Amino acid sequence: MNDGIDRRGVLGLGAGAAIAAAMPAQAARRAPFLWGAATAGHQVEGNNVNADIWLLEQVTPTVFAEPSGDACDSLYRWREDVAIVKALGLNCYRFSVEWSRIEPSPGQFSQAYLDHYTRIVDHCRSLGLAPVVTFNHFTCPRWFAAAGGWENKDAPDLFARYCDRVARAMGAGISHALTFNEPNLALGGSWAAKPPPQAFFDKMAASVAAAAKASGSNRFSLLNGGDPVPMIPGVTASHVQAREAIRAARGDLPIGMSLAIPDNVAVGSDSGIERKRAEIYGPFFDVMDKDDFVGVQTYGQAYVGRDRDVEAPASAPRGADGKEWFPAAIGNVLRYVHKATGKPVMVTENGLDASDDATRQRFIPEAVASVQAAMRDGVPVLGYIHWSLLDNFEWFSGYGPKFGLVAVDRKSFKRTPKPSAHVLGQIAKAGGVR
Amino acid sequence: MTFLWGSATAGHQVEGNNVNADIWLLEQVPGTSFFEPSGDACDSLNRWAEDIAIVRSLGLNAYRFSTEWSRIEPAEGQFSQAWLDYYARIAAACHDAGIAPVVTLSHFTSPRWFAAAGGWSNPQAPGLFARFAGRVAQALGAFASHVVTFNEPNLPLMGKWSATPIADQVRTGLDAMLAAAARACGSDRFDVWVYSRGEHLDTLLAGHRAARAAWKRMRPTTPIGMSLAIPDTQGVGTQAGVAAYRRHAEALFFEAAREDDFIGVQTYGRLLLNGDGVVPPASEAERTQSGDEFYPQALGAAITHAHRETGKPVFVTENGIAAASDAQRARYIPAALASLQAVQGNGVPVLGYLHWSLLDNFEWRRGYTQQFGLVAVDRHSFTRTPKPSARVYADLVRKAA
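Residues numbered from 1 in each chain as written. Chains lettered and ligands numbered in written order. Predicted model: local features only at pLDDT ≥ 70, side-chain atom pairs only at ≥ 80, totals over all residues. Heavy atoms only, no water.

Student: How should the overall build of chain B be read in this particular structure?
Tutor: The helix and strand tally for chain B stands at 15 helices and 12 strands. For a compact globule of 401 residues, the expected C-alpha radius of gyration is about 21 Å, and chain B comes in at 20 Å, within 12% of that figure. Along the first, second and third principal axes, the C-alpha atoms of chain B reach 50 × 50 × 45 Å. Within chain B, buried positions represent 63% of all 401 residues. Accessible area of chain B: about 13,800 Å², with a carbon and sulfur share of 52%. Positive and negative side-chain charges in chain B, numbering 35 and 38 respectively, have mean positions lying 3 Å apart. (Helix = DSSP H or I, 4+ residues; strand = E, 2+ residues; numbered from the N terminus. Rg over C-alpha atoms; globule rule 2.2 N^0.38 Å. Buried < 20%, exposed > 50% of the residue type's maximum accessible area, 1.4 Å probe, protein only. Areas by Shrake-Rupley, 256 points an atom, 1.4 Å probe, with all protein chains shown as cover. Lys, Arg positive; Asp, Glu negative; His and termini not counted. Charge placed at Lys NZ, Arg CZ, Asp CG, Glu CD.)

Student: Help me out: how do you make sense of the nonpolar core in this one?
Tutor: Side chains that are nonpolar tend, in soluble globular proteins, to be buried together. A:Phe135, A:Trp150, A:Tyr162, A:Tyr384, B:Leu26 and B:Phe190 are the most contacted members of the largest nonpolar core, which has 209 residues in total. Every residue in contact with B:Phe190, bar those within four places of it in the chain, is listed here: B:Asp22, B:Leu25, B:Leu26, B:Arg112, B:Ala115, B:Ala116, B:Leu178, B:Ala181, B:Ala182 and B:Cys185. A:Phe64, A:Ala71, A:Ala145 and A:Phe200 belong to the second-largest nonpolar core, a separate cluster that totals 24 residues. (Core = buried A, V, L, I, M, F, W, Y, C linked by side-chain atoms within 4.5 Å. Contact = heavy atoms within 4.5 Å.)

Student: It is not clear to me how the sheet that holds strand 6 (residues 263–266) of chain A should be interpreted in this structure. Could you clarify?
Tutor: By definition, the strands of a sheet pair up through backbone hydrogen bonds, in either a parallel or an antiparallel sense. Residues and elements named next belong to chain A. Strand order in the open sheet made by the three strands is 6-8-9, with mixed pairing throughout. The sheet is open, and its two borders are formed by strand 6 and strand 9 (309–310), each paired with just one other strand. Pairing analysis gives two bridges linking strand 8 (residues 301–304) to strand 9, with the strands arranged antiparallel. Its bridge partner being in strand 9, Val-304 is matched across the sheet by Asp-309. Packed on one face of the sheet, helix 12 (residues 273–280) meets strand 6, strand 8 and strand 9 and runs near 150 degrees to strand 6. (Pairing = 2+ DSSP bridges. Axes fitted to C-alpha atoms, helices over the stretch in contact; angles between N-to-C directions.)

Student: Even after reading the chapter, I still don't get the interface of chain B and chain A, so can you show me in this structure?
Tutor: Interface extent is often summarised as the accessible area lost during association of the parts. Residue-level contacts link 27 residues of chain B with 27 residues of chain A. Both sides together, the interface formed by chain B and chain A hides about 2,000 Å², and carbon and sulfur atoms give 45% of it. If you sort the residues of chain B by the area they bury against chain A, B:Asn17, B:Ala82 and B:Arg89 come out on top, with a joint share of 19%. Seen at the junction of chain B and chain A, the total is two salt bridges. Across the salt bridge formed by A:Asp115 and B:Arg47, the nearest N and O atoms sit 3.9 Å from each other. (Buried area = accessible area lost by both parts, 1.4 Å probe. Salt bridge = Lys/Arg side-chain N within 4 Å of Asp/Glu carboxyl O.)

Student: How should the sheet that holds strand 4 (residues 176–181) of chain A be read in this particular structure?
Tutor: Residues and elements named next belong to chain A. If you trace the eight strands once around the closed barrel, you get 1-2-3-4-5-7-10-11, paired in parallel fashion. Taking the axes of each pair of neighbouring strands and ignoring which way they run, one obtains an average angle of 25 degrees across the sheet. Seen against the sheet, helix 11 (residues 232–249) touches strand 3 (130–136), strand 4 and strand 5 (255–260) and runs at an angle of roughly 160 degrees to strand 4.

Student: What exactly am I supposed to notice about empty space enclosed by the protein here?
Tutor: One way to see where empty space is left: roll a probe the size of a water molecule over the atoms. Inspection of every chain in the model, using the stated rule, returns five cavities of 30 Å³ or more. Surrounding the largest cavity, 16 residues form its lining, A:Asn47, A:Val49, B:Asn17, B:Val19 and B:Arg71 being those nearest its centre. Taken together, the elements giving at least two residues each to the lining of the largest cavity come down to helix 6 (99–102) of chain A together with helix 4 (69–72) of chain B. Size it by volume and the second largest cavity reaches roughly 140 Å³. B:Ser106, B:Phe108, B:Trp120, B:Trp193 and B:Val194 are, among the 17 residues lining the second largest cavity, the residues nearest its centre. Of the residues contributing to the lining of the second largest cavity, the split by class is nine nonpolar, five polar and three charged. (1 Å grid on protein atoms, 1.4 Å probe; cavity = no way out; pocket = protein on both sides within 12 Å on 5 of 7 lines; lining within 4 Å. Points joined across faces, edges and corners; volume = space filled by probe spheres on them. Nonpolar A, V, L, I, M, F, W, Y, C, P; charged D, E, K, R; others polar.)

Student: Can you help me understand the pattern of salt bridges in this one?
Tutor: Side chains bearing opposite charge may pair, as long as their charged atoms lie close to each other. All names here are of chain B. Inspection of every chain in the model, using the stated rule, returns 40 salt bridges over all chains. Note that Glu-259 is salt-bridged to Arg-212, the shortest N-O span being 3.0 Å. Note that Glu-259 is positioned in the loop between helix 12 (251–257) and strand 7 (262–267) and Arg-212 in helix 10 (residues 201–218), a separation of 47 residues in sequence. Residue classification places Glu-259 among the partly exposed residues on the basis of a relative accessible area of 41%. Note that Lys-216 and Asp-261 form a salt bridge whose closest N and O atoms lie 2.6 Å from each other.

Student: Can you help me understand the packing of aromatic side chains in this one?
Tutor: Remark: the centre distance and the inter-plane angle together describe each pair of aromatic rings, the angle taken between the planes. By the definition in use, this model includes 53 aromatic pairs over all chains. Between B:Phe108 and B:Trp364 the ring centres are 5.2 Å apart and the planes differ by 75 degrees, which places this aromatic pair in the edge-to-face class. Here B:Trp364 lies in the loop between strand 10 (350–356) and strand 11 (375–377) and B:Phe108 lies in the loop between strand 3 (100–106) and helix 6 (112–116), a separation of 256 residues in the sequence. You'll find B:Phe108 and B:Trp364 in the same group, each marked buried. A centroid spacing of 6.1 Å and a plane angle of 35 degrees characterise the contact between B:Phe129 and B:Phe132, whose relative ring orientation is tilted. Residue B:Phe129 and its partner B:Phe132 are located together in helix 7 (residues 125–140), separated by three residues, close to a single helical turn. One aromatic cluster in this structure is built from A:Phe64, A:Phe138, A:Phe200, A:Phe201, A:Phe393, A:Trp395, A:Phe396 and A:Tyr399. The aromatic ring of A:Tyr336 is capped on one face by A:Arg277, whose charged end is 4.0 Å from the ring centroid. Sitting above the plane of the A:Tyr76 ring, B:Arg89 keeps its charged end 3.2 Å from the centroid. (Phe/Tyr/Trp six-rings, centres within 6.5 Å; stacked < 30°, edge-to-face > 60°. Lys NZ or Arg CZ within 6 Å of the ring centre and 35° of its normal.)

Student: Looking at this model, I keep getting lost on the side chain of B:Ser357. Mind explaining?
Tutor: Relative to the helices and strands, B:Ser357 resides in the loop between strand 10 and strand 11. Once you skip the residues sitting within four places of it in the chain, B:Ser357 turns out to touch B:Ser7, B:Ala8, B:Thr9, B:Phe372, B:Gly373 and B:Leu374.

Student: Is there a simple way to think about the packing of helix 3 (residues 44–57) of chain B against helix 5 (residues 81–96) of chain B in this case?
Tutor: When two helices pack together, their arrangement is given by the angle between their axes and by how far apart the axes lie. Residues and elements named next belong to chain B. Contact geometry for helix 3 and helix 5: axes closest at 10 Å, N-to-C directions at 10 degrees. The orientation of helix 3 with respect to helix 5, classified from their angle, is roughly parallel. Packed against helix 3, whose contacting residues are Ser-44, Leu-45, Trp-48 and Ile-52, the element helix 5 presents Trp-83, Tyr-86, Arg-89, Ile-90, Ala-93 and Cys-94 at the interface. (Parallel < 35°, antiparallel > 145°, perpendicular 65-115°, else oblique.)

Student: Even after reading the chapter, I still don't get helix 14 (residues 329–341) of chain A, so can you show me in this structure?
Tutor: Owing to its 3.6 residues per turn, the α-helix brings residues three or four apart onto one side. Residue and element names in this part refer to chain A. The first and last C-alpha atoms of helix 14 sit 18 Å apart over 13 residues, in line with the 18 Å expected at 1.5 Å per residue. For helix 14, the set of buried residues is Ala-329, Ile-330, Gly-331, Val-333, Leu-334, Tyr-336 and Val-337. One or two residues past the end of helix 14 sits Gly-342, with phi positive at roughly 75 degrees. (Expected span 1.5 Å × (residues − 1).)

Student: What am I meant to see in the packing of helix 5 (residues 74–88) of chain A against helix 7 (residues 111–126) of chain A here?
Tutor: Residues and elements named next belong to chain A. As a packed pair, helix 5 and helix 7 sit with axes 10 Å apart at the nearest point and diverge in direction by 10 degrees. Comparing their axes, helix 7 and helix 5 come out roughly parallel. Facing Leu-75, Trp-78, Arg-79 and Val-82 of helix 5, the residues of helix 7 in contact are Tyr-113, His-116, Arg-119, Ile-120, His-123 and Cys-124. Of the residues in the contact of helix 5 with helix 7, the class split is six nonpolar, two polar and two charged.

Next up, the structure:
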C-alpha cells in the first residue's frame, strides 16, 4: 500500500504504535510474547473537548466527516474494554493517556485524571494484562497547539514535563511506554501515490486558521494539520527529552516510539526506496538509538517509484474484491526495522478496515504467521498488538471505517466481539499459528 | 409528602475539570478575578457514589446536584448520550438509595459556546436552554424528585445592595475578565449571567419558562421551580431601602415563580438596609469566614417572605455558612432549623431543607478558601471526612423525623 495521505488520511487513520523492550536480548526472549489489542484515547473515550483535534472537528470548515462526540464512551466503559481483552485470552492492552485531560492548562496537572489512567494501568495488571501506554496518540491540548505546537521552542520541555508526571503516577505498572504514535505519518504524504487534491490542503489550512481564531491565537499548530517538515525537529527533540524524563522516573521501563511503516517495495531500477526511508523513518531512527524498542505499525505495502509511490503493479497480490491483499506485509516490515535499527521490535498496530469481519478473520492468521516467520529468522519481536480493539473514531473518516475486533453500538455503546476477536484470542492462547 | 432533608452540591464546584464551561475559561484567562482555578475540585466526577453514600450515612433523604450543560451539549446541538447517561446514573443511584434527587439544570455555568454567542443577551437563548432541559428530562426525568431551572438568577441584581456578590468596585475587573475570555475564544462577546449586570432579565425568565415547559412535556408531574438568593432583608429606620431592594432584586422573579410548583429559597444571613443602601453589621457582631454577619435565624423570615410573595410552597434549596471553625457551623444549623420549624408552625408550607454544602468545594472567585461543607475534602487525595457539624445535622434530622 501507499503510506500516508492517500490511504489512511493525513491524520493516520488506523495508525498504530510500537513496542520494544529496553531489556537485553536475552531478557527480552524470556519475557512473554505480548498478544494484544490497541485503542487510543481520543478515538474511544469521547468528549475529549480540550484536545486540539476536538476543536478541529468543530470549526468551520472542517476536514472531519463527523465529530468524535461520545466515541465509544470508554472514558466510562474502560473496564468493559479491559475485560474483553482478558476474556479473549490476550495478555496485553495498549491505550493512550490524554495530555489535554492530564494538563488542561499549562502547568496545571489534574491528579484526578492521573488517577484515572493509573486505575486503568493497575486494573490491567490485576488481570495479568501488560499495559502498553502511549503518551501521545496524535492529540495535544488546545493550549499547546495555540502556542505553536511542536514548532514552539518550548515543546520538548512541555512534553517532557507532562511525560514526567505520567511516568511518576503510573510508570511502575506500565509494561512498555511509547512516547509518540506515528509522528512520521504526515511526512509520508510527500511520497503518496495519490496525494489529496490542493482543495484538501486549502480546506485544512482554513480549518487550522479557524481553530487559531477560536483559541484567541494567531497560531494553531499540530502534526497532521499542516506542513510537517518544520515540526519534526520539535517532535524528535521531544522524544529524546521525554524518554529521559520517563527513564528518570523508572529506569527499567522499556521505552520506544511507534512509526507508520508500510512494506516498501522498490519499483524499477531507479526506485527511490532508500531516499524515502531516509526521509520518513531516518529522522526518527536517528533519535531512537537509546530506545529499548521500535514500535511498528503496518497497514500494507507501498510500491516506491523514483520520486514517489506508484500504483500497485498488476502482479501485486489482491483479494477477491480486487483490493490489495497482503497480510504478510507486517513480517517484512519487522525484518526491515530490526535490520535498520538493531532494536527489538513490537507490532503496536496492524489491522485493516473491513466491514465484513470474515476478511479480518482471514487477515489475522496470515499476518501473525508472517510475524512468526520473521522471528524464526532471528528478528526479536516483543509482541503483536492488533488495531483496533473497538470500532472507533477514525479521525478524518469519522465512524465509517471498521478496524475493530469488537463492534460498538453508536447509541448504547454496547460492545459485541466479532468472530475475528476470537480468532486472535485463539492464536494468543495457542501461542501462535501453526 | 415526606419532608426532604438533604444537602446540596453543584457540578462545577465539585466535579472537577469542567473544561468546556464558560466559568472554567474565566478562571484561566490573564487577569482573572478568580483566586485560583477549579482544577480537580472534589473529583466528584469519579466519586459521586461516595458523595451519595455519605448523604445516606447521615440519614438524609434528599441530594441536590446539578447537570452540567457544557458536558451534555459540548457543541451547539451536539448532545452527549454518554454524559446524559452519567447524570441518569447519579439520579438512579439516589433513587435506589431512597434519596430524592433534586436536579438543578443551570448552576451558574453554561457552555463556552453559549457564552461566546452572547449568553442571555442572545434572543435564541431560551430555546437553546429549553432544548437542553428537554434532553435532561428525557434522560433522568423518571428519577428526579424536583427540578430547579436556575440557581440564584437574581444574584447579579443584588449588586450594590449586597455585601457578598458583585460590588461596584470589582465590576471593572469582571468586565476585563469577560473581555479576555471573549478574546480567548475568538468572539466579540462572552456573557456569563452571574457576572453580568443582570440585563436581559426578560430573556432569562423566558428561558426559565421555556425550560419548565420542555421538562413538563416530557415529565408533567415533576415539581419545578427556581432558586433565588433571598436574604432576610430588614429596614433600619425606614422600609424604603427594603422596598427598593425587593423591587429590583426579587419582584420579577417572584412574579415568574407564581407559575411554578415551588419557590427555591437560598438564605445565608440578613441584609440591613436604610434609605440609602446597605448598613454594615454592628462592629461587635459575630462574623462568618466570608466576613458576613453570623445570623442563622434569617432563614425563617426569608421563607415566610418568599411564600407571601408567591403563594407557593417553599423549598430551602440552600442554607449554610462559610466557617473556618466547624463549631460555628454546628451552632448555625440548629438555630437555622429552629427558625424554619417556627415558620412551619405558623402554617407556611415548606417542602424541604438542603444544607449548602455537602462538601468543602470550589466557591467560585474565592476558590477553595472558604469552607461551607458538612464534609471536608482532602485537596490531593480527595478523601472525604464528615465534620462534627454533619453529625449535628444528622441528629436533628433524626429527631425531626
